[in-house]
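Fold and geometry: a report
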Amino acid sequence: MKIIHQHAEEEPPSGAKSIVEEGFLDDVHEIFGIHVLPKVPGCYFYIGCTPKGTEEPYFNHHPKFDIDEGSLLVAAKSVGYVICHYFNINENEKLTLL
C-alpha cells in the first residue's frame, strides 16, 4: 500500500506529473483516491476503471473512453462503506432506503 499526497494538484503542470515521472506508481496495479473539498464538508473518490489490457487509456470525457464495469462494484462498495462508517451502521444491519 502506498499513501500519496498529490501536491500542487490545482496548479499546472500539477503534482501528478512529477509523481508519474519519478516512477512512484510503476508497481501500482490499482489506485484509489479521495479529494477533500476545501470549502464545504465532503469528498469524492477516484476509482481506477481502465479495462485490463488497455494500451492507451482515455479520460472519462473522451469519446474513446472505456470502462471496466467491475470497477462500478468497487465504487459502490467504497461509497457504501463510507456511509455505513459515517452513520455507525453495522454491516449486518438492514437499511431502509427513503
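Residues numbered from 1 in each chain as written. Predicted model: local features only at pLDDT ≥ 70, side-chain atom pairs only at ≥ 80, totals over all residues. Heavy atoms only, no water.

Overview of the overall build of the protein chain
From N to C terminus, the protein chain includes two helices and two strands. Counting from the amino terminus, the protein chain carries its helices and strands in the arrangement α-β-β-α. With the model as given, the accessible surface of the protein chain reaches about 9,200 Å², and the carbon-plus-sulfur share is 59%. (Helix = DSSP H or I, 4+ residues; strand = E, 2+ residues; numbered from the N terminus. Areas by Shrake-Rupley, 256 points an atom, 1.4 Å probe, with all protein chains shown as cover.)

Some words on helix α2 (residues 70-86)
Between the first and last C-alpha of α2 there are 25 Å, a value that for 17 residues agrees with the 24 Å anticipated at 1.5 Å per step. Looking one or two places after α2, you find asparagine 88, whose phi comes out positive at around 55°. (Expected span 1.5 Å × (residues − 1).)

Some remarks on the confidence of the model for the protein chain
Of the residues in the protein chain, 74% reach a pLDDT of 70 or more, and the chain-wide mean stands at 77. α2 holds the highest mean pLDDT among the elements of the protein chain, 86, whereas strand β1 (residues 32-36) holds the lowest, 67. (pLDDT = per-residue confidence, 0-100.)

Here's the deal with unusual backbone geometry
Phi is positive for asparagine 88, close to 55°, though the residue is something other than glycine. Mapped onto the elements, asparagine 88 comes out in the segment after α2. Note on asparagine 88: relative accessible area 68%, which makes it exposed. (Buried < 20%, exposed > 50% of the residue type's maximum accessible area, 1.4 Å probe, protein only.)

Examining the environment of isoleucine 19
As for its position among the elements, isoleucine 19 is in helix α1 (residues 14-21). Along the sequence, isoleucine 19 and isoleucine 4 sit 15 residues apart, while their C-alpha atoms lie 8.9 Å from each other.

Describing a nonpolar patch on the surface
On the surface, a nonpolar cluster with roughly 740 Å² of combined accessible area is contributed by Phe45, Val79, Tyr81, Val82, Ile83, Tyr86 and Phe87. Relative to the assigned elements, isoleucine 83 resides in helix α2. (Patch = residues over 30% accessible without salt bridge, like charges linked within 9 Å, V, L, I, M, F, W, Y side chains within 5 Å. Salt bridge = Lys/Arg side-chain N within 4 Å of Asp/Glu carboxyl O.)

Examining the side chain of serine 71
Within the secondary structure layout, serine 71 lies in helix α2. The class of serine 71 is buried, set by a relative accessible area of 7%. Serine 71 has contacts with Ile47, Gly48 and Cys49, leaving out every residue within four places of it along the chain. (Contact = heavy atoms within 4.5 Å.)

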